[in-house]
Each structure stands twice: as structure tokens, then as C-alpha cells.
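What follows is each chain in one-letter form.
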Amino acid sequence: MTYAPTFGWPLVLALLLLLAIAVAASLARRLGLDRALVVAAGRAVVQLVAVSALIAAVLARTWASLLFTLVMYTVAVGTAAGRGRTGARPAAGRTR
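Since this is a predicted model, take the numbers as computed values, not measurements. (Residues numbered from 1 in each chain as written. Predicted model: local features only at pLDDT ≥ 70, side-chain atom pairs only at ≥ 80, totals over all residues. Heavy atoms only, no water.)

Asker: Where do I start with the overall build of the chain in this structure?
Answerer: A count of helices and strands for the chain gives 3 helices and 0 strands. Start at the N end of the chain and walk to the C end: the helices and strands fall as α-α-α. When each of the 96 residues of the chain is scored for burial, the buried share is 6%. With an accessible surface of roughly 8500 Å², the chain has 71% of that area assigned to carbon and sulfur atoms. (Helix = DSSP H or I, 4+ residues; strand = E, 2+ residues; numbered from the N terminus. Buried < 20%, exposed > 50% of the residue type's maximum accessible area, 1.4 Å probe, protein only. Areas by Shrake-Rupley, 256 points an atom, 1.4 Å probe, with all protein chains shown as cover.)

Put into C-alpha cells, the structure is as follows:
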């Protein structure tokens, strides 16, 4: 049995509630993260909508799916080759 979430107003309300809890905790503890949390949530929504639209468009066409797979493979090989030369992965949040 598989489960797929239902995307609708209940999910939107649940996510907004979680965001409100995070903002409230930031305000209560005077962490100063309330604005950053809201901005990060907004950016995440925009990015997920964009990626979802791209994937939906790619999956609608066989040639686009093959091209997308080739691009992802090329990026993965380039990333792995770069890590292989240095022998280590960069630290989280750091770029080379």
C-alpha cells in the first residue's frame, strides 16, 4: 500500500500553523529569526512550485525526460569527479 499526500487547503493550513509556531518560538525566545523564517518559507514555496512545474513539463514528453536525465547524469559525474580529485567533500554550507 502506498500513501500519497492530498494537496489542498488542509495541508496549506497545517504548514502555515507550523510556520506560525516557529515564528512564535523565535519571538518568545527573542532569537530574531522571525523575518528570516517567513522569507525562507516563501522562498521554499517559490522554488518547489518552479521545480514541480519543470518536472511536470519534463515528464510530459519522452525526449525531454531523456534530456533531463542526461543533464542530471552529467552534473552528477562532474560533482563526483570534483570530489574525487580533492579526496574530501566540502563542509556543509561552504563552497570551494
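Here the narrative resumes, following the displayed structure.
Asker: So what exactly am I meant to see when it comes to helix α1 (residues 9-28) here?
Answerer: Side chains of residues three or four places apart in an α-helix project in the same direction, reflecting 3.6 residues per turn. For α1, spanning 20 residues, the distance from its first C-alpha to its last is 28 Å, which sits close to the expected 28 Å at 1.5 Å a residue. One or two steps after α1, the chain reaches Arg30, where phi turns positive at roughly 55°. (Expected span 1.5 Å × (residues − 1).)

Asker: For this particular structure, what's the right way to read the packing of α1 against helix α2 (residues 34-59)?
Answerer: Two quantities define a packed helix pair, namely the angle between the helix axes and the distance between the axes. α2 packs onto α1 with a crossing angle of 160° between their chain directions and a minimal axis gap of 8 Å. Taken as axis vectors, α1 and α2 run roughly antiparallel relative to one another. Relative to α2, α1 is oriented so that their crossing is right-handed. Contacts from Leu19, Ala22, Val23, Ser26 and Leu27 in α1 reach Asp34, Leu37, Val38 and Ala41 in α2. The residue inventory of the contact of α1 with α2, partitioned by class, reads 7 nonpolar, 1 polar and 1 charged. (Axes fitted to C-alpha atoms, helices over the stretch in contact; angles between N-to-C directions. Parallel < 35°, antiparallel > 145°, perpendicular 65-115°, else oblique. Left-handed = near helix turned anticlockwise from the far one by under 90°. Contact = heavy atoms within 4.5 Å. Nonpolar A, V, L, I, M, F, W, Y, C, P; charged D, E, K, R; others polar.)

Asker: Quick question: what am I supposed to make of the confidence of the model for the chain here?
Answerer: Note that predicted coordinates carrying low pLDDT should not be read in detail. Per-residue pLDDT for the chain averages 88, and the proportion of residues at 70 or more is 85%. At the level of individual helices and strands, the chain shows its lowest average pLDDT in helix α3 (residues 62-86), which scores 91, and its highest in α1, which scores 95. (pLDDT = per-residue confidence, 0-100.)

Asker: Can you help me understand a nonpolar patch on the surface in this one?
Answerer: A surface patch of nonpolar side chains, about 550 Å² in accessible area, is lined by Val51, Leu54, Ile55, Leu59, Phe68 and Met72. Those elements that provide at least two residues to the nonpolar patch are α2 and α3. At 4 residues, α2 tops the list of elements feeding residues into the nonpolar patch. (Patch = residues over 30% accessible without salt bridge, like charges linked within 9 Å, V, L, I, M, F, W, Y side chains within 5 Å. Salt bridge = Lys/Arg side-chain N within 4 Å of Asp/Glu carboxyl O.)

Asker: What exactly am I supposed to notice about the side chain of Ser26 here?
Answerer: Assignment of secondary structure puts Ser26 in helix α1. Within polar-contact distance, the side chain of Ser26 engages the backbone nitrogen of Asp34 at 3.1 Å. (Polar contact = N/O pair within 3.5 Å; in protein donor to acceptor, adjacent residues only side chain to side chain.)

Asker: Where do I start with unusual backbone geometry in this structure?
Answerer: Residues apart from glycine generally show negative phi values, whereas peptide bonds are mostly found in trans. Phi at Arg30 takes a positive value of approximately 55°, unusual for a residue other than glycine. As for its placement among the helices and strands, Arg30 is situated in the loop between α1 and α2.

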